[in-house]
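A structural walkthrough
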Amino acid sequence: MASMGSRAVRGVVIAIALVSLAGCSSVPDQLRDAAGSAAAATSGAALAVRLHHTAGAPSAITDTVLSDALTELETAGTDVTDLDAATDAERAARSTALEAVRVATDAVLDAREKLASGEEPSDDALASAAAALEELGS
Amino acid sequence: MKQIFAVALGVLTAIGGFVDIGDLVTNAVVGSRFGLGLAWVVVVGVVGICLYANMSGRVAAVSGRATFEIIRERLGPRMGFANLTASFLINLLTLAAEVGGVALALQLVTGVEPRLFFVLAAFAVWVVVWRARFSALENATGLLGLSLIVFAVVVVLLHPDWSSLAHQALLPSVPGSEQPATYWFYAVALFGAAMTPYEVFFFSSGAVEEGWAKRDLGQERLNVFVGFPLGGVLSLAIAASAAIVLLPLGVSVTSLSQVVMPVLHGGGLIAFVFVVVGILAATFGAALETTLSSGYTIAQYAGWSWGKFRRPSEAPRFHLVMIVCLVAAVAILATGVDPIAVTEFSVVFSAVALPLTYIPILIVANDREYMGDAVNGRAVNAVGLVYLVVIVVASLAAIPLMIITGAGA
């Protein structure tokens with residue numbers, strides 16, 4: 001009885017381990033995922049700025065989208081920084097991704113500052129940063 | 001005339017009250033990542049909740065007693081306790097998500113950080129639960145929730161490629177940028193969002209609150225079979241608006257602010273006002289319902305006096321449970337966890353716990369001792385058994401899929 005119970009527990013532990021391992025991915029995959037998330041957040045920020053200009057979206061909602069985008073970019077940046085790059089190629093890819101996230105973050109911060117000061121932010125820098133991140137994420 | 005008004009009100013309230021933060025977020029996420037490729041899940045979920053709510057409403061109307069009162073009596077205290085524990089914890093998580101949803105909706109209007117609104121939102125929920133009559137509470141939020149029809153209006157105003165949308169819906173496939181496991185994870189999440197247990201606890205307890213009897217079964221069926229499917233159309237409209245605007249731009253929804261962007265894009269400022277009113281009503285209404293559900297489940301299981309039809313002094317423990325749950329919900333949010341993440345977890349765990357809440361209802365709805373000749377017919381039982389299989393499969397798949405996909409990341 002006791003051995004059946006411990007066998008069952010072992011079986012469950014192995015099953016959970018297998019399922020968990022199935023969720024692991026390589027460094028390039030993780031870089032792509034982080035770049036993809038960052039690209040999505042930056043595209044959203046670009047759309048919000050466009051809607052502020054063309055649809056009269058209130059500053060409150062535009063600022064909320066930009067703020068949410070900054071949170072996403074921060075998370076993406078942390079995910080990239082924490083990657084365990086084992087080869088020179090992986091380290092180079094990580095640096096490129098970090099730089100792209102930094103550019104996007106600067107563009108979002110700039111848009112937010114302009115919005116706060118009453119200026120009309122432009123979506124050009126945001127769109128270009130999003131495109132660069134999409135390239136890395138594909 | 002009065003009867004027509006009452007019937008119309010019931011149906012409209014069911015439509016407007018169908019969508020909550022889980023439906024809003026999950027449908028928008030799915031639309032922005034998979035287009036209408038998961039529309040079939042909304043249909044399956046709506047049929048499921050109609051079946052589920054109809055059975056539990058019928059049980060309440062015929063027996064005069066609500067869900068947990070019967071579960072404990074019919075299935076015994078141990079099974080009832082397992083059921084109660086799962087239902088209560090899911091309910092608490094959902095309550096935290098809804099209170100968070102109210103705060104996020106207020107952020108859309110004010111630009112103020114949502115955490116500054118958590119306590120205010122919970123307090124407002126408590127005041128309304130304490131003071132407002134049941135029917136006023138249900139009708140006001142249900143009718144204001146109809147503002148979410150703006151999503152359907154905006155879908156038309158966006159002049160989409162209808163044949164492309166139809167193709168996505170009728171011939172679903174996994175986009176090249178997504179994994180099959182992620183597709184199925186969101187299928188389970190969407191199913192969980194459509195069949196959250198609190199809806200059933202609230203619906204059946206509400207039947208007792210409003211004194212429904214066998215003569216009201218017609219109204220009950222109308223509310224469920226007309227109101228809920230039309231509410232499902234709102235869910236599809238949310239997904240469609242995200243599919244039309246956000247998917248081509250590669251914007252996958254991760255915040256409530258992104259959910260409303262298609263509405264701004266298609267309908268401008270006026271549409272934005274409607275959508276904010278609708279989201280506030282939907283999340284606040286759902287927060288009221290989950291708060292009441294938390295009181296209903298515990299009080300009914302424990303055999304305490306319960307119900308808004310009683311004065312608070314006549315049901316003190318029922319009200320105390322609700323206060324404790326609201327405080328717990330705020331405490332969960334105060335840890336800094338993203339309310340959207342809480343929402344996503346709540347819909348997945350709703351799917352996990354569904355068998356525990358669905359099976360007892362199916363058993364009681366077939367028990368002539370409680371139901372007399374109002375037991376399930378053969379057709380209802382056939383569909384009910386099919387859904388039992390679907391629910392068990394979704395429940396077993398939910399956590400492995402969540403682990404494999406990193407909660408749909």
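Residues numbered from 1 in each chain as written. Chains lettered and ligands numbered in written order. Predicted model: local features only at pLDDT ≥ 70, side-chain atom pairs only at ≥ 80, totals over all residues. Heavy atoms only, no water.

Here we take up the overall build of chain B. If you tally the helices and strands in chain B, you get 17 helices and 0 strands. Principal axes of the C-alpha set define a box for chain B whose edges measure 55 × 50 × 45 Å. Out of the 409 residues in chain B, the part that is buried amounts to 58%. Contacts in chain B between residues at least 24 apart in sequence constitute 84% of all its contacts with a sequence separation of at least 6. Carbon together with sulfur atoms contributes 70% to the accessible area of chain B, which is approximately 15,400 Å² in total. (Helix = DSSP H or I, 4+ residues; strand = E, 2+ residues; numbered from the N terminus. Buried < 20%, exposed > 50% of the residue type's maximum accessible area, 1.4 Å probe, protein only. Contact = heavy atoms within 4.5 Å. Areas by Shrake-Rupley, 256 points an atom, 1.4 Å probe, with all protein chains shown as cover.)

Counting residues at the interface gives 25 residues for chain B, matched by 23 residues for chain A. For the chain B and chain A pair, buried surface summed over both sides reaches about 1,800 Å², with 70% attributable to carbon and sulfur atoms. Across the chain B-chain A interface, the total number found is 0 salt bridges. Across the contact surface, chain B and chain A share 3 residue pairs in polar contact (both at pLDDT 80 or more). Those elements giving two or more residues to the side of chain B that touches chain A turn out to be helix H5 (77-110), helix H13 (256-302) and helix H17 (378-405) of chain B. (Buried area = accessible area lost by both parts, 1.4 Å probe. Salt bridge = Lys/Arg side-chain N within 4 Å of Asp/Glu carboxyl O. Polar contact = N/O pair within 3.5 Å; in protein donor to acceptor, adjacent residues only side chain to side chain.)

Before going further, it helps to spend a moment on H5 of chain B. In a regular helix each residue adds 1.5 Å, so 34 residues correspond to 50 Å; H5 of chain B covers 48 Å between its end C-alpha atoms and thus fits that length. Phi turns positive, to about 75 degrees, at Gly111 of chain B, one or two residues after H5 of chain B. (Expected span 1.5 Å × (residues − 1).)

Let us now look at the environment of Thr357 of chain B. Residues and elements named next belong to chain B. Tracing the backbone shows Thr357 in helix H15 (residues 339-364). Counting along the chain gives 266 residues from Thr357 to Asn91, while the straight-line C-alpha distance between them is 12 Å. Not counting the four nearest positions on each side in its chain, Thr357 is found in contact with Tyr52, Asn83, Ser87, Pro197 and Phe201. Looking at Thr357, its side chain comes within polar contact range of the side chain of Tyr52, at 2.8 Å. Side-chain polar atoms of Thr357 contact the backbone oxygen of Leu354, separated by 3.0 Å.

Residue and element names in this part refer to chain B. In this model, chain B carries a mean pLDDT of 89, and residues with pLDDT of at least 70 account for 96%. At the level of individual helices and strands, chain B shows its lowest average pLDDT in helix H1 (residues 2-16), which scores 66, and its highest in helix H8 (residues 150-157), which scores 97. Taken together, the chains of this predicted complex give a pTM of 0.90 and an interface ipTM of 0.82. (pLDDT = per-residue confidence, 0-100.)

Here we take up the pattern of salt bridges. Residues and elements named next belong to chain A. Evaluation of the coordinates by the stated rule reveals 13 salt bridges over all chains. Residues Arg32 and Asp29 are paired through a salt bridge, measuring 2.5 Å at the closest nitrogen-oxygen approach. Of this pair, Arg32 and Asp29 both sit in helix H2 (residues 27-54), separated by 3 residues, roughly a single helical turn. With relative accessibility at 30%, the residue Asp29 sits in the partly exposed group.

Nonpolar side chains in soluble globular proteins tend to be buried together. Residues Leu38, Phe151, Val275 and Leu292 of chain B are the most contacted members of the largest nonpolar core, which totals 147 residues. Ignoring any residue separated from it by four or fewer positions in sequence, one finds Val275 of chain B in contact with Leu148, Val150, Phe151, Val260 and Val263 of chain B. Grouped together as the second largest cluster of nonpolar side chains are 21 residues, Ala38, Ala104, Ala107 and Leu126 of chain A included. (Core = buried A, V, L, I, M, F, W, Y, C linked by side-chain atoms within 4.5 Å.)

Moving on: the side chain of Thr94 of chain B. All names here are of chain B. Along the polypeptide, Thr94 turns up in helix H5. Given a relative accessible area of 4%, Thr94 falls into the buried group. Here Thr94 is in contact with Tyr198, Thr290, Ser346 and Ser350, once residues within four sequence places are set aside.

We now examine the packing of helix H4 (residues 67-75) of chain B against H15 of chain B. How two helices sit against one another is set out by the angle between their axes and by the gap between those axes. Residue and element names in this part refer to chain B. One can describe the packing of H4 onto H15 by two numbers: an axis separation of 10 Å at closest approach and a directional angle of 75 degrees. Taken together, the axes of H4 and H15 lie roughly perpendicular to each other. Contact residues: Thr67, Ile70, Ile71, Arg74 and Leu75 in H4; Pro360, Ile361, Ile363 and Val364 in H15. Of the residues in the contact of H4 with H15, the class split is 7 nonpolar, 1 polar and 1 charged. (Axes fitted to C-alpha atoms, helices over the stretch in contact; angles between N-to-C directions. Parallel < 35°, antiparallel > 145°, perpendicular 65-115°, else oblique. Nonpolar A, V, L, I, M, F, W, Y, C, P; charged D, E, K, R; others polar.)

Right, let's get into the packing of helix H2 (residues 21-34) of chain B against H13 of chain B. Residues and elements named next belong to chain B. For the pair H2 and H13, interaxial distance at closest approach is 10 Å and the crossing angle is 155 degrees. One way to sum up the angle between H2 and H13 is to call them roughly antiparallel. Along its contact with H2, which presents Ile21, Leu24 and Ala28, the element H13 presents Leu256, Val259, Ile279 and Thr283. Tallied by class, residues from the contact of H2 with H13 come to 6 nonpolar, 1 polar and no charged.

A few words on the packing of aromatic side chains. Residues and elements named next belong to chain B. In this structure the tally under the stated criterion is 14 aromatic pairs over all chains. Relative to Tyr186, the ring of Phe34 lies with its centre 5.9 Å away and its plane at 55 degrees, an arrangement referred to as tilted. Taken as a pair, Phe34 in helix H2 and Tyr186 in helix H10 (residues 180-194) lie far apart in primary sequence, 152 residues in all. Taking relative accessible area as the criterion, Tyr186 reaches 5% and is therefore assigned buried. Ring plane angle 80 degrees and centroid distance 5.4 Å describe the contact between Tyr296 and Trp306, whose orientation is recorded as edge-to-face. One end of the pair, Tyr296, is in helix H13; the other, Trp306, is in the loop between H13 and helix H14 (316-334), and 10 residues separate them in sequence. Owing to a relative accessible area of 0%, Tyr296 belongs among the buried residues under this scheme. The structure contains a cluster of three or more aromatic residues connected by ring pairs, namely Phe34, Trp40, Tyr183, Trp184, Phe185 and Tyr186. (Phe/Tyr/Trp six-rings, centres within 6.5 Å; stacked < 30°, edge-to-face > 60°.)

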